[in-house]
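An overview of the molecular structure
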Amino acid sequence: MDKIKILKTNMKWLIIVVLPLIIIMLVYYIATVEPESGGIIKLKNPLTEEVEPGAQMNFQETITTIEEDFAFDMSELAVQNAIHHMSHQKVEADKKWGVLPLTEERVDRLLQVVQHNRNDYKHGSLYEEILLKWQDKNFTAVDDDHNAIWELQDGSIGRATGILSAKEEQAFIEEKFSNRQ
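A quick note: this is a predicted structure, and the numbers were derived from the prediction, not measured.

1. A few points about helix H7 (residues 166-177)
Quick reminder: α-helices carry 3.6 residues per turn. Residues three or four places apart thus point the same way. Taking 1.5 Å of rise per residue, twelve residues should cover 16 Å, and H7 covers 16 Å from first to last C-alpha, within 8% of that figure. Residues of H7 that are buried include every one of Glu169, Gln170, Phe172, Ile173 and Phe177, and no others. The buried residues of H7 occupy one face: seen down the axis, they fall within an arc of 160°. Pointing more than 90 degrees away from the buried face of H7 are the exposed residues Lys167 and Glu175.

2. Quick look at a nonpolar patch on the surface
Nonpolar side chains collect at one region of the surface, where Met11, Ile15, Ile16, Leu19, Ile23 and Val27 lie side by side and expose about 580 Å² of accessible area between them. Along the chain, the position of isoleucine 16 falls in helix H1 (residues 2-32). Looking at isoleucine 16, the relative accessible area reads 60%, which means it is exposed.

3. So, the pattern of salt bridges
Inspection of every chain in the model, using the stated rule, returns six salt bridges. Its salt-bridge partner being lysine 133, residue aspartate 145 comes within 2.7 Å of it at the nearest N-O pair. Here the residue aspartate 145 occupies a position in helix H6 (residues 142-152), and lysine 133 occupies one in helix H5 (residues 124-135), the gap between them amounting to twelve residues. Where glutamate 151 meets arginine 159, a salt bridge forms, and the shortest distance between an N and an O atom there is 3.0 Å.

4. Focus on the side chain of histidine 84
Position of histidine 84 among the secondary structure elements: in helix H3 (residues 76-87). On the accessibility criterion, histidine 84 (10% relative accessible area) is buried.

5. As for the packing of H3 against helix H4 (residues 104-116)
Look at H3 against H4: their axes get within 11 Å of each other, and the N-to-C directions meet at 155°. It follows from the interaxial angle that H3 and H4 lie roughly antiparallel. As for the relative orientation of H3 and H4, their crossing is left-handed in sense. Along the contact surface, H3 presents Val79, Ala82, Ile83 and Met86, while H4 presents Arg106, Leu110, Val113 and Val114.

6. Structural notes on the nonpolar core
Ranked by size, the top nonpolar core spans 24 residues in total, and within it Phe70, Val79, Ile83, Leu110, Leu131 and Trp134 carry the most contacts. Elements with a contribution of two residues or more to this core: H3, H4, H5 and H6. It is H4 that contributes the most residues to this core, five residues altogether. Setting aside chain neighbours within four positions, we find isoleucine 83 in contact with Leu110, Tyr127, Ile130, Leu131, Trp134 and Ile149.

7. Focus: the environment of alanine 71
Residue position: alanine 71 is located in the loop between helix H2 (63-69) and H3. For the pair alanine 71 and leucine 110, spaced 39 residues apart in sequence, the C-alpha to C-alpha distance is 8.6 Å. Among residues more than four places away in sequence, those in contact with alanine 71 are Arg109 and Val113.

8. Observations concerning unusual backbone geometry
The backbone of lysine 137 sits at a positive phi, close to 60°, despite the residue not being glycine. Within the fold, lysine 137 resides in the loop between H5 and H6. Of note, the phi angle at aspartate 154 is positive, near 55°, even though the residue is not glycine. Within the secondary structure, aspartate 154 is located in the loop between H6 and strand E4 (160-163).

9. Quick word on H6
Buried within H6 are the following residues: Val142, Asp143, Asp145, His146, Asn147, Ile149 and Trp150. The secondary structure elements touched by the buried residues of H6 are H3, strand E3 (91-93), H5 and E4.

The rules behind these values
- Residues numbered from 1 in each chain as written.
- Predicted model: local features only at pLDDT ≥ 70, side-chain atom pairs only at ≥ 80, totals over all residues.
- Heavy atoms only, no water.
- Helix = DSSP H or I, 4+ residues; strand = E, 2+ residues; numbered from the N terminus.
- Expected span 1.5 Å × (residues − 1).
- Buried < 20%, exposed > 50% of the residue type's maximum accessible area, 1.4 Å probe, protein only.
- Arc of directions from axis to C-beta.
- Patch = residues over 30% accessible without salt bridge, like charges linked within 9 Å, V, L, I, M, F, W, Y side chains within 5 Å.
- Areas by Shrake-Rupley, 256 points an atom, 1.4 Å probe, with all protein chains shown as cover.
- Salt bridge = Lys/Arg side-chain N within 4 Å of Asp/Glu carboxyl O.
- Axes fitted to C-alpha atoms, helices over the stretch in contact; angles between N-to-C directions.
- Parallel < 35°, antiparallel > 145°, perpendicular 65-115°, else oblique.
- Left-handed = near helix turned anticlockwise from the far one by under 90°.
- Contact = heavy atoms within 4.5 Å.
- Core = buried A, V, L, I, M, F, W, Y, C linked by side-chain atoms within 4.5 Å.

Here is the structure:
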């Protein structure tokens, strides 16, 4: 009699908890997998954002997500890290620790954060100068921008030594961000 009671309890638990989870996972899988992806989860209709001629971002990101990631109360170190990590997409360096997609939306939002906190950040004018250039799609000195932030952070390894070509940048994007969802 006790075995039957235990079996019924286990069956109820499976039906109430496990089965809905399996159904949710299956629906998510079907909704997100491209038919020709070979079963690899990729967004069906990713946004393609032009970063620079020849380099494209293929992932979906919402303004809400960016606003959460780049809140107005960001610390100065977090702003430095964001600029530093975004610059890795465009610079040559022996070592790169940390990556963050360099998108128009991220640059715009980070610029808003910097301008909001200009009186609180010790190096706010530097961040603003860099982000204004990037907002205008001016990456001709992105290696210098990287190194300015890198020096603020007392960098010793990973100094930028040049700027990636559009083809090299596209390869970096594909390597680092192609599976991003």
